[in-house]
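Residue strings, one per chain:
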Amino acid sequence: MEFLLENILNLVGFLVGLGIGIMSFIGFRNTGSPTLFRLTIAFFSISLGFFVIWAGYMAEDFVIKAGHIERWVQTLGIAIQTVGYFFIAFSHSIKSFFPKSSYFRSVGILPFFLVSSVQLEHLFRSVSFILLAYGAIETMLSYIDNRNKGAISVSVGLALLALGEFLGWYSFVFPESILYPVSMVIKIGGLIALFIPVSKVPLTKIKFDEGLE
Amino acid sequence: MAEYRTHMKIIGDILSTTRDDLQDEDGATVTYLIRKANISHSRISRILKTLVSQGLLEQVDSQGSNKYKISQTGREFLQAYYKFTNFADNFGLSI
């Protein structure tokens, strides 16, 4: 059951991320907008992150057959997704996410060498949760400004992804409980909510124009 | 409070003025565009130069003064601009 849900989640995540990423890329190529460029990076990263985990499960199921996915593959996939969530949050004007001092920057990377991949996974999940929650709140605030109904769906999608990420992280306290499958179902719901308004954007008559770059 | 406009939004405003709100068939003068787009002369001069070089606007010499008209590429750009503004709005962002 858990294996099936993982596969559905990662495939849906891969496809939704790829779809929105391609749409953002077309928008960037047509308008040269830096916002659309950041969204392109964000959603291609999210898509790649889900793909890595999905590929890990496939490799485990058909080749390795160890009964569990390699921990580093899961950590790598979640880390790549976190990069995508960072760019969504960054688009909402996180001005100084990283410390400005070069000393703090060099120290800031130290924890990555001091913790195991299990702890890294928890670290990435909690960072993802914060970034997703921030993105959901900012998107909801923008709805109050411009009353664009699509923003509600995106905000709910990001909030569900945040909740799913939180439950996925919290499930390590109760490893065999229903928490982890529930977190995956919530994340699938979040990805679908994210894609609903984007799927309504008409792309007819949009074409690449090399002269605009 | 004045609304902050991105560079892209200013370009969108200039192009939509030259498409929908022309003074006459020859095009719009710089003074007219300054008033409609609400930006300074030095800034609009730079933007107009870029838009003409990119082929989004056509510069027309009319009775000794320069006038600007939107080109076909400009119309396509504006169409894409509106579509992707809506797309970015869904994420609570401005392009």
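Residues numbered from 1 in each chain as written. Chains lettered and ligands numbered in written order. Predicted model: local features only at pLDDT ≥ 70, side-chain atom pairs only at ≥ 80, totals over all residues.

A.B. asks: Tell me about the overall build of chain A, residues and numbers included.
C.D. replies: Within chain A one finds eight helices and zero strands. In chain A, the succession of helices and strands from N to C terminus is α-α-α-α-α-α-α-α. Out of the 213 residues belonging to chain A, those deemed buried represent 45%. Partitioning the contacts of chain A with sequence separation of at least 6, the portion at a separation of at least 24 is 71%. (Helix = DSSP H or I, 4+ residues; strand = E, 2+ residues; numbered from the N terminus. Buried ≥ 20, exposed ≤ 12 C-beta atoms within 10 Å, placed from the backbone. Contact = placed C-beta atoms within 7 Å.)

A.B. asks: An account of the interface of chain A and chain B is needed here, citing residue identities and associated values.
C.D. replies: At the interface, 28 residues of chain A touch 21 residues of chain B. Broken down by element, the residue count for the side of chain A that touches chain B peaks at five residues, all from helix 6 (residues 117-146) of chain A.

A.B. asks: Describe the UniProt feature "transmembrane region" (unreviewed entry) in chain A, with residues and values.
C.D. replies: Residue and element names in this part refer to chain A. Per the UniProt record, the feature "transmembrane region" (unreviewed entry) sits at residues 12-28, 35-59, 71-90, 102-120, 126-144, 151-172 and 178-198. Secondary structure content for residues 126-144 is 100% helix and 0% strand, and the end C-alpha separation is 27 Å. Taken end to end, residues 178-198 is 95% helix and 0% strand, and its first and last C-alpha atoms sit 31 Å apart. (UniProt positions renumbered as here; feature names shortened; annotations may be inferred.)

A.B. asks: Explain the environment of Thr73 of chain B to me, and be specific about the residues and the numbers.
C.D. replies: The topology assignment puts Thr73 of chain B in helix 4 (residues 72-90). Considering only alpha carbons, one finds Thr73 of chain B and Gln54 of chain B, 19 residues apart in sequence, at a separation of 9.0 Å.

A.B. asks: Give me the packing of helix 7 (residues 149-170) of chain A against helix 8 (residues 179-199) of chain A: which residues, what numbers.
C.D. replies: If you want to describe how two helices pack, look at the angle between their axes and the distance between the axes. Residues and elements named next belong to chain A. Interhelical geometry of helix 7 versus helix 8 gives an angle of 160 degrees and a closest axis separation of 7 Å. As far as their axial angle goes, helix 8 and helix 7 are roughly antiparallel. In the crossing of helix 7 with helix 8, the sense of the turn from one axis to the other is left-handed. (Axes fitted to C-alpha atoms, helices over the stretch in contact; angles between N-to-C directions. Parallel < 35°, antiparallel > 145°, perpendicular 65-115°, else oblique. Left-handed = near helix turned anticlockwise from the far one by under 90°.)

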